[in-house]
Structure formats: C-alpha cells, structure tokens
Amino acid sequence: MGKGVAITGMGIISSIGNTVEENYQSLLQKTPGISKIEGISTIHKDHIKVGEIKISNEDLSDLLNLPSSNNYSRTALLAEIAAKEALKSAGITDVNSCNTGLISATSVGGMDLTEKYFYSLFEEEKNRKYIESHSAGNSSTKIANSLGITGFVSTISTACSSAANSIMLGARMIKAGKLDRVIVGGADCLSKFTINGFKTLMILSETNCKPFDANRTGLNLGEAAAFLVLESDACVKADNKKVLGYVSGYANANDAFHQTASSVDGEGATLAMKKALKVAGLCSGDIDYINAHGTATENNDASESQAIRRVFGDNLPKVSSTKAYTGHTLAAAAAIEAVYSVMALQNNLVFPNLNFETPIKETNIIPETELLQKDLHHVLSNSFGFGGNCSTLIFSKE
Amino acid sequence: MGNYYINGIGCVSAQDSSDNELGLQNFVALTENVAPLQKPDYKKYIKPTMIRRMSVGVKMGVVASSMALQEANVEVPEAIITGSGMGCLRDSEKFLKNIIDNEEQFLTPTAFIQSTHNTVGGQIALGLACKAYNVTYVHDATSFETSLIDGMMILDEGEQNVLVGGVDEIGNHTTELHKLIDRVKKEETLKNSLLNSKTKGSIYSEGSQFFVLEDKKKGNCYAQLLDVTIYNKLSKNEVTQKLEAFLMDNNLTISDIDVVVLGLNGEVDYDAYYTTLQNTLLVNTTQVYYKHFSGEYNTASAFGMWTACTLLKSQKVPGNIQLNDIQPTSIKNVVLYNQYRGENHSFVLLKSC
C-alpha cells in the first residue's frame, strides 16, 4: 500500500504535562497525573480519582492571550493550546501556504459551560454568550478561526474512539489528495456530565486505575487535548520537513453487540486491528508495541485482551496502556496516545503500564511495567467507544 | 474519483415525507416557530417493544435509513456514516437536568448511555448487525456534508455501497436557550412567510434523511452525486467566486446548472449570503428553497438533498418551493448551497442518472 502519511508536528496538554516534552518526561519518570478533583464541585470528589489538568480556565485563557470576554469552553481552551503547539512544532508560520484542514474530536464539547449555567442563563444575560459554545463543532470552529483555517473544518464524535477517527479521516483525505495538510486530534475536558454518567455505569475507580490487572477497579476519567499535523509527501518534500513518524494503518469497525458494552470475544476490536494491518500492508508479527485502549474497566480490558489474542495469538508484541498516567480522556484519548505512540517510535521506548500486578487469567496478557528500551518500527494503538465503535491506528517509523 | 449513485432515499421530517414519489407536492409551510416532527409509521420499521425504548433521534434515524436501504435493495451496508450537529439532544438534556435537579443523586444510566452523539449510527448498526465502518460527524451545519465527503471516499477505497445520512432532534431546553439569543424566531413574526419575516432567527425543527450511495447505478437511481465541498468561513463576496470554482472543478459553468437549491431560512442578518447569489450569478437559474417545509436544524441540508433527489427523479419543480419564475426545460445538473450564520458553507453537486 506504499508509505503512510507523514506526521510533521505534535501538540498535547494532559494531566502529566502541558507540552509534548513535559508529557515525555512524566512518562519516563513514571509520574502519573491522577489526583483528587479540584476544579469541579461534585459530590463524588472523595470517591473518584481523575486525570485533571491543574490550570484554571482563566489561566488557560491568559496562556492563549484571549480577551477576558471570550466564551471558550474548557474543551476549546485545551484544544487551542495543543493545536498551537502542534503547528509550531511543524514549523508552520503560514497555515494557508497549502490547502490545510482541521479535524477535531470531542464528546463533551461545551458541556462544562452548559452544566454550570443551565438555569442561570435565563436570568443572567451576561452568561448567554456561552449558549453557542455548547455544540461539539464550536470548539473546532474557534480553533480554525484562531489559526486562520477557512477551508475544510470538521468534528467527529464517536465517544471514546473519536480522535482515532479524526486522525484516520485526515490521513485518508491526504491520501485521496483532498487536502495537502491537516491538523487532526481531539479534546475533552472533565465535566459533571461525564463524571456522573460513568458513575451511574459503576465503572469509576476510587483508586488509581490498574489497566489489564485481574483485580482492576474501573477507570479514572481524565481531560486532555492533543493534535498532530499530517502532511502530504509533496508538502514534506517542498519544505524539506522533518518527519516524526507516519500514520501507516487505520481502520474502524463496529462491534454491533451493545450500545455501551464490548462483546466478550472482542469482535469489533479484532476486525479493527486486522483491517488496520491490511491497510498498512503489515502482518501481526510486524507490530512491536501495542498502546492499548486499556481503560481498566472489567469489560474493556477483558474484551480487548481477547481481541489482542485473536489477532496476535501467542506471538504478542509488547503491550501497555498509558491510561494509568492520564486517566481516560474520552474523545481526546486516541490523540494523546497517538502522540505517545510517535514518542515511543522516536525514542525506541515502550512506556510502562502503571499499577499492574496480576494478569487476567483467561488471556494472560502481561503488559510492560517498566520503561523498556526496544527497537520499534511499528506501533499499534487501539481506541474503542460507546456505540460499538472500534478504531485502530498504526504508526510507523518509516 | 469514481461514480456515486444515490439508489435509495428516506426522509422523516416535520412534513409527511414518507412517500418519495410524491416528494414535496403536498407539503404545507410550517407556521410554528418550533415545529415538531410528523411521526412516521414507526411500526413499519421498528419492533413494538423497541419503539418505546428508543429515543426520537434513534427512531427517526432507523426509519429514514430503513427506507433508503429498502429502496436500494441493500440489506447490510458496507459503511454507515451519520451527521448530527447536536447528537442525541433530548437524552443529553434529560441526564443533565437530572444531575442538576437532584444534585448528582438518584441517577440512572439510560439517558447517559443514549446521549452520545453516535448513538443513532451505533443503533442502526446494531439493528442491522453491521460490523462495518461507522462514524458520526458533529460539525454544526456541515455535519451531513462531511458525511457525504467521507462516503464518497469510502466508495473510492473499494466498498460498493455506503449508508449516509443526517439526524437532529429538537431539545426543549436548548430551544429555550436558543430563543434567548435570537436563533429561534419569536412567535408573532410567523404571521409572515418565512422569507419575508425580516426578523432574526429561524424556525426550528427536527428530522432525519438517509441516502444509499453505490458505485453502480440501479433501476431506481435518483441522482449521481458529483462533488461536495465545505468551507469553515466565507464572506458574501467569496461565495460567488467559490461556487464558480466548485463548478469549474467539475467542468461546469453556471449556465449548465438547471436548478439551485438554497438553504434560505429567513434569518434577516444572514439570508443575504443567498440573495447576493440569487441576484447575480443565479439570476437566470431556477431557484428553490426548502426550509419553510423542513425548518432549521443542523442537518436540515440533508432535507435539501432529499428535495434535490426528488426533483431529479420526477423532472418536475413543484411551485411551492420555487423562488423565481424560471422553469427548466429538463433537470440535469442541480447544485445545493447552504450555510448557517455565515459559517459552515457547503456546496453539493448532483446530476440526473
């Protein structure tokens, strides 16, 4: 199938760092960003732990030099910080020097504002500027306008696999010649809505989450944003760009099993991984490292383990989930894990799966628990979401 | 670039739009500022036990997609792509209201589970046991057009058919909020026709339209989809230039266009995006509109495409959608233009088949 699509820039903000470099250092030093929640007033605050970015909206606005009258949701603030870092790291000064698009992903959108002003919007006129910040598309429009992107701008929401699908669409549009350059990724902030939603599903952990552990206790929610710059070969050549890695494989499949639960045999996940390998022109033995979805819920880790066994058999690549560092950042998760996958390739490192002790009996997958130096060529990253949505991305060094 | 034939269509809307052959003939202009759905015959498409459990958005999506699949004689599509600006709005509002009213206590997961934007696409897949590619675009007024662009790429990549559609629900709380910021017209202005209201906002409604795109033409083909493009932002002057460029990309000029389908919604501050075109580039072209029948919602432009499909197949332009007196001799090429409040512009080009 030929070479993948070049990645020329990355940006990220998560609970383990405000930049790509800070995230990398936290991963190396095994420093998780899991804590008690401070920014949202919730009755669950003593019973959950989250991957929260400890910067207020006001300070985020200042970092972006926004006027105090802005109506950015926290999702949009995080997204713009990560998108700007990505553009800067790709050395792009004139965003319209070639046909550039933006594809973002979010599930929360401006829910943080809507839940804060739900009733007061009727009485207080000053907060009405936030009404239009609610929609999922609004944060993408804000970033596009701020970056000066006037052409193709879109937003994807497929729950926890959203950003994988935005990266996939971007790569496909470049391959199809519809765009020369595209900024792809996703963002989600913490909100009462998602905290209570996952709480009702009884899958929030009271302690630091333990992906792939037999005695796992559920997930930690997190907030983050990450974007990657993808460019066509012609763009890369014309500007003599440094390439950080390639998006070589991608696929989405549907589990068609249940609105929220994953199938026991991991059918959707298996299909996604197999299809992605096919697109990349690779066989399962070519994958050196799997950055797993690994949310640490009973259901996901069991189902994903089955799927990994179905695709890789006894010949398992190195496996780890980085969710114990960042929490599950929902629609942003696949984008931050794309950044981590590229970092893994660049530095020949497998990042540890924190808090793991006991393997799941049925599948006996033992993730890496220490930082591992290993020659890496191809990294596979999984992301699965509600609605049976299963996505796999493959990142390659060359 | 391959061929993309629309071999099946389905529409659920504020009108009785269950008969694709009748098209828009008997539609009545909406008079309420918030116009509810004309409930289709759910029983024809959904098991009675499921009708009660499904949200309105899911039901609309299942009915519209079933109609389109049946017409195209496709059992299980090779991809499902859904556009939905606001997702499952009613369940989102319901869950959020419960959180706030009950101070985070006594919550049940059902509304949360159904609140995600991709619930409709996921439920269609579940109903069809369709394990194929399934993505949902949620980008305001271009949610549906992005879905079309993706659908065309899916066919280019080798699939033979794809189910593409749009769906959006009315949410009462959101509507009340949108009244506060003049997105929804005040009731009294509706005494005038939509386009002569000269007031801010539009009329809100809900609906779902689905289409089966295939790489081969079938007997019941409605139209050939030639091209789709979207812009985040355009000035009024740029619209003319971009439309001409869009046609030129397809080796056409405006004289080749028989009908233009416009997304006019009676927004006094923004309809000028259309009227500028109407009075210049499109002055000799048959002009039609549809939002007086569909109302405004993020994916209302999918109703526009359904309209265009019925015109192309019947080769007739009903008088109740026409904006000028020009009658086309035949309908070969149709272009659609939509935008919302100066953002998220889209051009769609269709050809008779």
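Residues numbered from 1 in each chain as written. Chains lettered and ligands numbered in written order. Predicted model: local features only at pLDDT ≥ 70, side-chain atom pairs only at ≥ 80, totals over all residues.

Colleague: Explain the interface of chain B and chain A here, please?
Modeller: Interfaces are frequently sized by the accessible area removed from exposure as the parts join. On the chain A side, the residues contacting the 49 residues of chain B number 53 residues. At the level of secondary structure, the elements contributing two or more residues to the side of chain B that touches chain A comprise α3 (89-101), α4 (110-113), α5 (119-128), β3 (133-137), α6 (143-156), α7 (172-180) and β6 (223-233) of chain B. For the side of chain B that touches chain A, the per-class residue count stands at 24 nonpolar, 17 polar and eight charged. (Contact = placed C-beta atoms within 7 Å. Helix = DSSP H or I, 4+ residues; strand = E, 2+ residues; numbered from the N terminus. Nonpolar A, V, L, I, M, F, W, Y, C, P; charged D, E, K, R; others polar.)

Colleague: Can you help me understand the domain arrangement of chain B in this one?
Modeller: Residue and element names in this part refer to chain B. Segmentation of chain B into domains returns domain 1 (5-214) and domain 2 (223-351). The C-alpha-based centres of domain 1 and domain 2 are spaced at 21 Å. Taken together, the 50 residues of domain 1 in the interface contact 38 residues of domain 2. Elements supplying a minimum of two residues to the side of domain 1 that touches domain 2: β1 (5-12), α6, β4 (161-168) and β5 (207-214). Looking at the side of domain 1 that touches domain 2 element by element, the count peaks at seven residues for α6. Considered class by class, the residues forming the side of domain 1 that touches domain 2 number 23 nonpolar, 21 polar and six charged. (Domains from an automatic or database assignment.)

Colleague: For this particular structure, what's the right way to read the environment of B:Thr276?
Modeller: Assignment of secondary structure puts B:Thr276 in helix α9 (residues 272-279). Taking the C-alpha atoms as reference points, B:Thr276 and B:Thr240, separated by 36 residues in sequence, lie 8.3 Å from one another.

Colleague: Can you walk me through the domain arrangement of chain A in this structure?
Modeller: Residue and element names in this part refer to chain A. Once the domains are mapped, chain A shows domain 1 (5-238) and domain 2 (246-396). Taken residue by residue, the interface counts 65 residues in domain 1 and 55 residues in domain 2. Elements that contribute at least two residues to the side of domain 1 that touches domain 2 include exactly β1 (5-13), α1 (20-28), β2 (50-51), α7 (162-175), β5 (181-188), β6 (221-222) and β7 (224-231). In terms of residues, the side of domain 1 that touches domain 2 owes the most to one element, α7, which gives seven residues. The residue makeup of the side of domain 1 that touches domain 2, split by class, is 37 nonpolar, 22 polar and six charged.

Colleague: Mind showing me how you'd approach the packing of helix α3 (residues 74-89) of chain A against helix α6 (residues 136-147) of chain A here?
Modeller: Packed helices, taken two at a time, are described by the angle between their axes plus the distance between the axes. All names here are of chain A. Relative to each other, α3 and α6 sit at 40 degrees, their axes nearing to 9 Å. Of the possible angle classes, the one that applies to α3 and α6 is oblique. Judged by the sense of rotation from one axis to the other, the crossing of α3 with α6 is right-handed. Note on element contacts: α6 touches α3 through Asn138, Ser139, Lys142, Ile143, Ser146 and Leu147, opposite Thr75, Ala76, Ala79, Glu80, Ala83 and Leu87. Here the contact of α3 with α6 is composed, by residue class, of six nonpolar, four polar and two charged. (Axes fitted to C-alpha atoms, helices over the stretch in contact; angles between N-to-C directions. Parallel < 35°, antiparallel > 145°, perpendicular 65-115°, else oblique. Left-handed = near helix turned anticlockwise from the far one by under 90°.)

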